[in-house]
Amino acid sequence: MSSTHGQLDDADREYLDLAIEQARIGWDEGGVPIGAALVHRGPDGDRVLAVGRNRRVQLGSAIRHGETDCLENAGRLPASVYRECVLYTTLSPCTMCAGTAILYEIPRIVIGENRNFEASEEWLRGNGVELAVVDDPACIELMDRMMRERPEIWAEDIGVDASELGVDASELGADASAL
């Protein structure tokens, strides 16, 4: 399947902006700034089914990444609906979120950025998912800030020890002692 970089049409821009808004809300709540939007692009036009954000910190959840929170917010849907959807996400999906997209046969994912994290794009493409990687400056800055200011939370979110990020443990602050 294809992978594009750069330009979005007006609709894609609008829906990615919804995901960015969710990421900013998540950051302001003390969480990980990753947002998502699920849009049904059916024969009767586009319809936003749900938005979501990474709420692992806020809910004490092991699995509420931006994409999974979004899909949970959409509720139960017939397989035929997922197959006509686009998932918009501010960051390249982890394997858990990619697996969810593959399970429900979501045919296209618009990715705000993959500079700060990329773990599943080859797998997604190999399963027939079209990817559009935007390299959006707002998405990049949100994750850059996350890495600078809350690296211990980011490490937890992606299932690694903070030391694996190359961050000095003394720089991690009080939150790291709880790990």
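Look up: the structure comes first, before these words.
Computed from a predicted model, the values in this text were never measured in an experiment.

Peer 1: Report on the overall build of the protein, specifying residues and quantitative values.
Peer 2: A tally of helices and strands in the protein yields nine helices and six strands. Put simply, the protein has 179 residues, and 50% of those count as buried. Relative to all contacts within the protein whose residues are 6 or more apart in sequence, the contacts with residues 24 or more apart total 55%. Carbon and sulfur atoms make up 46% of the accessible area of the protein, which amounts to about 8600 Å² in all.

Peer 1: Lay out helix α5 (residues 95-103) with the relevant residues and their values.
Peer 2: Within the span of α5, buried status applies to C97, A98, T100, A101 and I102. Structurally, α5 contributes buried residues whose contacts are with α3 (66-74), β5 (108-111) and α6 (121-126). Positioned one or two residues after α5, E105 has a phi angle of 55°, which is positive.

Peer 1: Mind laying out the packing of aromatic side chains, listing which residues take part and the relevant values?
Peer 2: Counted by the stated rule, this structure contains three aromatic pairs. The side chain of R150 reaches across the aromatic face of W27, ending 3.4 Å from its centre.

Peer 1: Describe the nonpolar core, and please don't skip the residues or the numbers.
Peer 2: Grouped together as the largest cluster of nonpolar side chains are 21 residues, with contacts concentrated most on L38, L87, I106, I109, L124 and L131. Of all elements in the fold, only β2 (35-42), β3 (45-53), α3, α4 (79-82), β4 (85-89), α5, β5 and β6 (130-133) reach the threshold of two or more residues within this core. Apart from the residues lying within four places of it in its own chain, the contact partners of I109 are L87, T89, P93, A101, L124, V129, E130, L131 and A132. Of all hydrophobic cores here, the second largest spans 15 residues; its members include Y15, L16, V134 and L142.

Peer 1: Kindly report on the pairing of β5, identifying the contributing residues and their values.
Peer 2: Residues R108 and V110 line one face of β5 and the alternating positions I109 and I111 line the opposite face, and both faces are buried. Pairing analysis gives four bridges linking β4 to β5, with the strands arranged parallel. Bridge assignment links L87 to a residue of β5, and that residue is I109. In this view, the connection linking β4 to its parallel neighbour β5 by way of α5 has right-handed handedness. Of the strand pairs in this sheet, β5 and β6 are connected by four bridges, and their pairing is parallel. Across the sheet, I109 pairs through a bridge with L131, a residue of β6. Taking the sense of rotation as the criterion, the β-α-β connection linking β5, α6 and β6 turns out right-handed.

Conventions and cut-offs
Residues numbered from 1 in each chain as written. Predicted model: local features only at pLDDT ≥ 70, side-chain atom pairs only at ≥ 80, totals over all residues. Heavy atoms only, no water. Helix = DSSP H or I, 4+ residues; strand = E, 2+ residues; numbered from the N terminus. Buried < 20%, exposed > 50% of the residue type's maximum accessible area, 1.4 Å probe, protein only. Contact = heavy atoms within 4.5 Å. Areas by Shrake-Rupley, 256 points an atom, 1.4 Å probe, with all protein chains shown as cover. Phe/Tyr/Trp six-rings, centres within 6.5 Å; stacked < 30°, edge-to-face > 60°. Lys NZ or Arg CZ within 6 Å of the ring centre and 35° of its normal. Core = buried A, V, L, I, M, F, W, Y, C linked by side-chain atoms within 4.5 Å. Pairing = 2+ DSSP bridges. Right-handed = clockwise from strand over helix to strand, strands pointing away.

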